[in-house]
Amino acid sequence: MSETDKHLLNPEKWVSLHADYLFNYTISRLNDRDLAKDLVQDTFFSALKAKNDFQGKASERTWLIAILKRKIVDHYRKINSTKGKAEVRMNFYADGEREGEWLEERAPTDWSGEIEKKIENQELAVVLEKCIANLPEKYAMVFRMKTIHQIETEDICKELGITSSNLWVIIHRARTQLRKCMEDNWFNN
Amino acid sequence: MKLTCDEATAICDKSQYKEASLWEKTKLSIHLFLCKKCGLYSKQNKVMSTCYQKLKDAELSKTLQLNQEEKQFMEQELKSKTEL
C-alpha cells in the first residue's frame, strides 16, 4: 500500500461525520440514549489516545466501530457479572421431582377478547416496550439484537463472546417472560 | 426423546427464528400433541412474534440522531482532550 492510499484520521471531523452512525449502532444494542451517548463519546476519547496505532488499512469509520464494539462488549460483561447475578430471575418451570414442568400459576392462560384487534392497536408498541424494559438488562440486550434488529445468531455470539446455546437460553427466558407480561398487561387486561 | 415443558418451549422459541433443527421440531411436535399448556404457549408465541414484528417496524422507521447541542458538547470535549 502506498502512502497515498492510506486512510487518514481527522479527529476534528469525527463528531460531524460519525457520531450519528455510532450512536445508532449503539442504540440498536442498548436502547438507552444516555448510555449510548456516553459510549460514543468514550469511543472518541479512546480513539484519540490510540490514534498513533492507526495504520490506515481500514477506513476511519471501521476503525472507530471496532473501538465502539469493545466498549459494548465491556458493558455486556459488566451487566452479565454484577447486576445479572443480583437480579432475581422469574421462574416459570418447577424444580425437583417435576423439573421442567410449568408452574401452575405461571402457565399460559387463554387470552380473552379479540386478539386481532389488540394486535392492530397502536398502543401495543408502548406496552411491549415497557415489558422489554422490565427484563433483566442482558436479556433485553440479546433479545433486541436478535428480534428487533435481526442480527444473525453467529454475529451476536461473536460480538458478545457467548455461545449459541447461551443465546438461545437467553432468548427463551426473555420470550417466556414477555409472553407473561403481555398476557397480564395487554391481552387479558 | 421426551422433552420437559421448559425444553419444549425453548425449541418453540428457537423455531420462531426458523433456527430449530428437524430433530428438535420432531420432538417438539410430539410434546405439543400431548401437552395442552405448551400447545397454548406455541399458539400464543406466534402472536407474540407478530407483536415483535410490529415493534420492529415502529422502531426502525425512526432514525435516531444526536441533536446539535449534544454534538457541540461532544466536539468541545474532544477538543479539550486534543489540546492536552
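Basis of the calculations
- Residues numbered from 1 in each chain as written.
- Chains lettered and ligands numbered in written order.
- Predicted model: local features only at pLDDT ≥ 70, side-chain atom pairs only at ≥ 80, totals over all residues.
- Helix = DSSP H or I, 4+ residues; strand = E, 2+ residues; numbered from the N terminus.
- Rg over C-alpha atoms; globule rule 2.2 N^0.38 Å.
- Contact = placed C-beta atoms within 7 Å.
- Nonpolar A, V, L, I, M, F, W, Y, C, P; charged D, E, K, R; others polar.
- Domains from an automatic or database assignment.
- Core = buried A, V, L, I, M, F, W, Y, C linked by C-beta atoms within 7 Å.
- Buried ≥ 20, exposed ≤ 12 C-beta atoms within 10 Å, placed from the backbone.
- Axes fitted to C-alpha atoms, helices over the stretch in contact; angles between N-to-C directions.
- Parallel < 35°, antiparallel > 145°, perpendicular 65-115°, else oblique.
- Left-handed = near helix turned anticlockwise from the far one by under 90°.
- pLDDT = per-residue confidence, 0-100.

(A) Spatial organisation of the overall build of chain A. Looking only at helices and strands, one finds eight helices and zero strands in chain A. Mapped in sequence order, the helices and strands of chain A form the string α-α-α-α-α-α-α-α. At 21 Å, chain A has a C-alpha radius of gyration far larger than the 16 Å of a compact globule built from 189 residues. For chain A, the spread of C-alpha atoms along the principal axes amounts to about 70 × 40 × 25 Å. Put simply, of all contacts in chain A between residues at least 6 apart along the chain, 66% involve residues at least 24 apart.

(B) Inspection of the interface of chain A and chain B at higher detail. Counting residues at the interface gives 38 residues for chain A, matched by 37 residues for chain B. Where the side of chain A that touches chain B is concerned, the elements lending two or more residues are α1 (14–30), α2 (33–49), α4 (115–120), α5 (124–133), α6 (137–148) and α8 (164–187) of chain A. With eight residues, the top contributor of residues to the side of chain A that touches chain B is α8(A). Its residues assigned to classes, the side of chain A that touches chain B comprises 24 nonpolar, seven polar and seven charged.

(C) Molecular detail of the domain arrangement of chain A. All names here are of chain A. Each domain of chain A was delimited in the assignment, giving domain 1 (3–86) and domain 2 (96–187). Across the contact, 11 residues belong to domain 1 and 10 residues belong to domain 2. Only α1 and α3 (60–86) provide two or more residues apiece to the side of domain 1 that touches domain 2. Per-element tally for the side of domain 1 that touches domain 2: the top contributor is α3, with seven residues.

(D) Seen up close, the nonpolar core. Residues and elements named next belong to chain A. Core analysis: the largest hydrophobic core is formed by 56 residues, its most contacted members being Val 142, Phe 143 and Met 182. Considering each element in turn, this core owes the most residues, nine residues, to α8. When residues of this core are assigned to domains, at least three fall in each of domain 1 (3–86) and domain 2 (96–187). In this structure, Val 142 is in contact with Ile 156, Leu 167, Ile 170 and Ile 171, ignoring residues within four places of it in sequence.

(E) Up close: the packing of helix α1 (residues 5–15) of chain B against helix α3 (residues 36–60) of chain B. Residues and elements named next belong to chain B. Between α1 and α3, whose axes approach to 10 Å, the crossing angle comes to 20 degrees. Considering the angle they form, α1 stands roughly parallel to α3. Along this stretch, α1 crosses α3, giving a crossing that reads as right-handed. Two secondary-structure elements touch here, α1 through Cys 5, Ala 8, Thr 9, Cys 12 and Asp 13 and α3 through Lys 37, Cys 38, Tyr 41, Ser 42 and Asn 45. Grouping the constituent residues of the contact of α1 with α3 by class yields five nonpolar, three polar and two charged.

(F) Region of interest: the environment of A:Ile79. In this fold, A:Ile79 is placed in helix α3. Separated by 52 residues in the primary sequence, A:Ile79 and A:Ile27 place their C-alpha atoms 16 Å from one another.

(G) Expanded view of the confidence of the model for chain B. Residues and elements named next belong to chain B. On average, residues of chain B carry a pLDDT of 93, and 99% of them reach 70 or more. Predicted confidence in chain B is weakest over helix α4 (residues 68–83), with a mean pLDDT of 89, and strongest over α1, with 98. Predicted complex, confidence summary: ipTM 0.90, pTM 0.89.

(H) Looking closely at the confidence of the model for chain A. Averaged over chain A, the pLDDT score is 91; the fraction of residues at 70 or greater is 94%. For chain A, α3(A) is the element with the lowest average pLDDT, namely 87, and α8(A) is the one with the highest, namely 97.

(I) Structural context of the environment of A:Asn10. Residues and elements named next belong to chain A. Note on placement: Asn 10 falls in the segment before α1. The class for Asn 10 is exposed, based on 9 C-beta atoms found within 10 Å. In the structure, Asn 10 is positioned 38 residues away from Leu 48 in sequence and 10.0 Å away in space, judged by C-alpha atoms.

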